[in-house]
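# Structural overview for review
Given next are the chains, with one letter for each unit.
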Amino acid sequence: MRKFFLVTLLLVCLSPAGAQTRPGQRAHASLSPEAKALLEQAIGVVCTQAKLDPKSSIAIDEMQARPSLPLHSPEARAGAERAQRLLPVAKDLVINSLRQLSTEYGVQGSRYYNLRLRQAIARVNSVKRVRPDMDSRDNASVYLSRPHVITFGTIFLAGLRSDEGMISVLAHELMHIADGDNDSLRTLVRAVGNKASDLTGLDIHGQRSEEVACDLIGAMAARAYIASSPDYESIARRLARSIQHNCVDLDEGDEDHLSPRNTIRALLALNPGLVRELINDRF
Ligand SMILES: [Zn+2]
């Protein structure tokens, strides 16, 4: 991951004006004031549902403040069962989303990329297990030396109280596995980061673009899951669950991650269909 970050940084430094269009890169306009207003309205829906929905995902900052949860607590066990049950579904959804995104961003077609994509899909298919871990607390992670396992903190397992929230986070981790230790999908990841930067004016390069691409795949996977499994709940409420762990009060990012609320902004900017569905189908 580090290598990817340095390479990207170099490219950005060599380009005198950061926003200049490089060969093969499409220029994206920033959001119109109307689109920005709709986006903020959609964030309002997501974070209001966080308070109203009994199955909403707990915000990351709230999870961080909680004491560690033993492996055998009922909430952690229920979360682990949910994660393991949904893993096969999440794998299929990630593979479809990955293909769709590659087409959408125009990166598919070269023999080199298609080979990398096939290898990425094979890595996703080889994931077998979710490992609950008390010490990981509110994190989920993948150790690329053990690519068949997703390690999931017990607080996080308990804090994602819906299938939609769980699929979104599983898909995020599966996208890291797809990218692998050589950043195989860097062409796609970089294109997503560039577009998100242009649309939001936020600095989304290097590792930040990988995190946003993983979150985007997560949101797409959850949206496809919702479309394929209709129930009596509102679509907006279900969609909100896929991103509302970012509805924090303490909104801090770091070098590798946008702040949680800016993560929602970037995701919605990249996904106007999601904005529409959140606003139009509220209850
Ligand atoms: Zn991540």
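Look up: the structure comes first, before these words.
What comes next is a walk through the structure. Please read all numbers here as calculations on a predicted model, not as lab measurements.

## Focus on the overall build of the protein chain
Summing up its helical and strand segments, the protein chain has 12 helices and 3 strands in all. Counting over 283 residues, the protein chain shows a buried share of 51%. In the protein chain, once contacts between residues fewer than 6 apart in sequence are set aside, the share between residues at least 24 apart is 73%. Carbon and sulfur atoms make up 55% of the accessible area of the protein chain, which amounts to about 13100 Å² in all.

## Thoughts on the packing of helix α4 (residues 74–104) against helix α9 (residues 207–228)
For any two helices packed against each other, one specifies the crossing angle of their axes together with the interaxial distance. Running from N to C, α4 and α9 point in directions that differ by 110°, and their axes come no closer than 9 Å. In terms of their interaxial angle, α4 and α9 are classed as roughly perpendicular. Both α4 and α9 take part in a crossing whose hand is right-handed. Here α4 contributes Leu86, Val89, Leu93, Val94, Ser97, Leu98, Gln100 and Leu101 to the contact with α9, which in turn contributes Leu216, Ile217, Met220, Ala221, Ala224 and Tyr225.

## Brief notes about the coordination of the zinc ion
Those donors, His172 (NE2), His176 (NE2) and Glu211 (OE), are the protein atoms that reach the zinc ion, and they lie 2.1 Å from it. Counting the intervening residues between successive donors of the zinc ion yields the motif H-x3-H-x34-E. Of this pair, His172 sits in helix α7 (residues 163–179) while Glu211 is found in helix α9, placing the two residues 39 residues apart along the sequence. Take His172 and Glu211: they sit in the same class, and that class is buried.

## Considering the sheet that holds strand β1 (residues 129–133)
The sheet built from 3 strands is open, its strands ordered β1-β3-β2 with mixed pairing. Looking along the sheet, the strands with just one partner apiece sit at the ends: β1 and β2 (140–141). Where β2 meets strand β3 (residues 149–153), 2 bridges bridge the pair, whose relative direction is antiparallel. Considered in β3, the bridge of Ala140 is made with Phe152. The sheet strands contacting α4 are β1 and β3, and the helix crosses β1 at an angle near 165°. Against the sheet, α7 touches β1, β2 and β3, its axis set at about 135° to β3.

## So, the layout of surface pockets
Its volume calculated, the largest pocket comes out at about 910 Å³. Along the walls of the largest pocket sit 35 residues, with Ile60, Asn139, His172, Glu211 and His257 positioned nearest its centre. Breaking the lining of the largest pocket down by element, the ones donating at least two residues are α1 (2–14), α3 (60–64), β2, α7, α9 and α11 (260–270). Of all the elements, α7 adds the most residues to the lining of the largest pocket, at 5 residues. The residue inventory of the lining of the largest pocket, partitioned by class, reads 14 nonpolar, 12 polar and 9 charged.

## As for the nonpolar core
Ranked by internal contacts, the top residues of the largest apolar core, which has 81 residues, are Phe152, Leu268 and Leu278. Ranked by the residues each element gives to this core, the list is headed by α4, at 11 residues. Discounting residues that sit within four places of it in the chain, Leu278 has contacts with Ala42, Val45, Val46, Ala236, Leu239, Ala240 and Leu268.

## Overview of helix α8 (residues 186–200)
The end-to-end C-alpha separation of α8 is 21 Å, in line with the 21 Å expected for 15 residues at 1.5 Å each. Those residues of α8 lying buried are Leu188, Val189, Ala191, Val192, Gly193, Asn194, Ala196, Ser197 and Leu199. One or two residues past the end of α8 sits Gly201, with phi positive at roughly 75°.

## Looking at α11
Along α11, 9 of the 11 residues are buried, which leaves the element largely enclosed by surrounding structure. For α11, the set of buried residues is Pro260, Asn262, Thr263, Ile264, Ala266, Leu267, Leu268, Ala269 and Leu270. Elements in contact with the buried residues of α11: α2 (33–52), α3, α8, α9 and α12 (272–280).

Criteria and thresholds
- Residues numbered from 1 in each chain as written.
- Predicted model: local features only at pLDDT ≥ 70, side-chain atom pairs only at ≥ 80, totals over all residues.
- Heavy atoms only, no water.
- Helix = DSSP H or I, 4+ residues; strand = E, 2+ residues; numbered from the N terminus.
- Buried < 20%, exposed > 50% of the residue type's maximum accessible area, 1.4 Å probe, protein only.
- Contact = heavy atoms within 4.5 Å.
- Areas by Shrake-Rupley, 256 points an atom, 1.4 Å probe, with all protein chains shown as cover.
- Axes fitted to C-alpha atoms, helices over the stretch in contact; angles between N-to-C directions.
- Parallel < 35°, antiparallel > 145°, perpendicular 65-115°, else oblique.
- Left-handed = near helix turned anticlockwise from the far one by under 90°.
- Donors = N, O, S within 2.8 Å, 3.2 Å for Na, K, Ca; no water.
- Pairing = 2+ DSSP bridges.
- 1 Å grid on protein atoms, 1.4 Å probe; cavity = no way out; pocket = protein on both sides within 12 Å on 5 of 7 lines; lining within 4 Å.
- Points joined across faces, edges and corners; volume = space filled by probe spheres on them.
- Nonpolar A, V, L, I, M, F, W, Y, C, P; charged D, E, K, R; others polar.
- Core = buried A, V, L, I, M, F, W, Y, C linked by side-chain atoms within 4.5 Å.
- Expected span 1.5 Å × (residues − 1).

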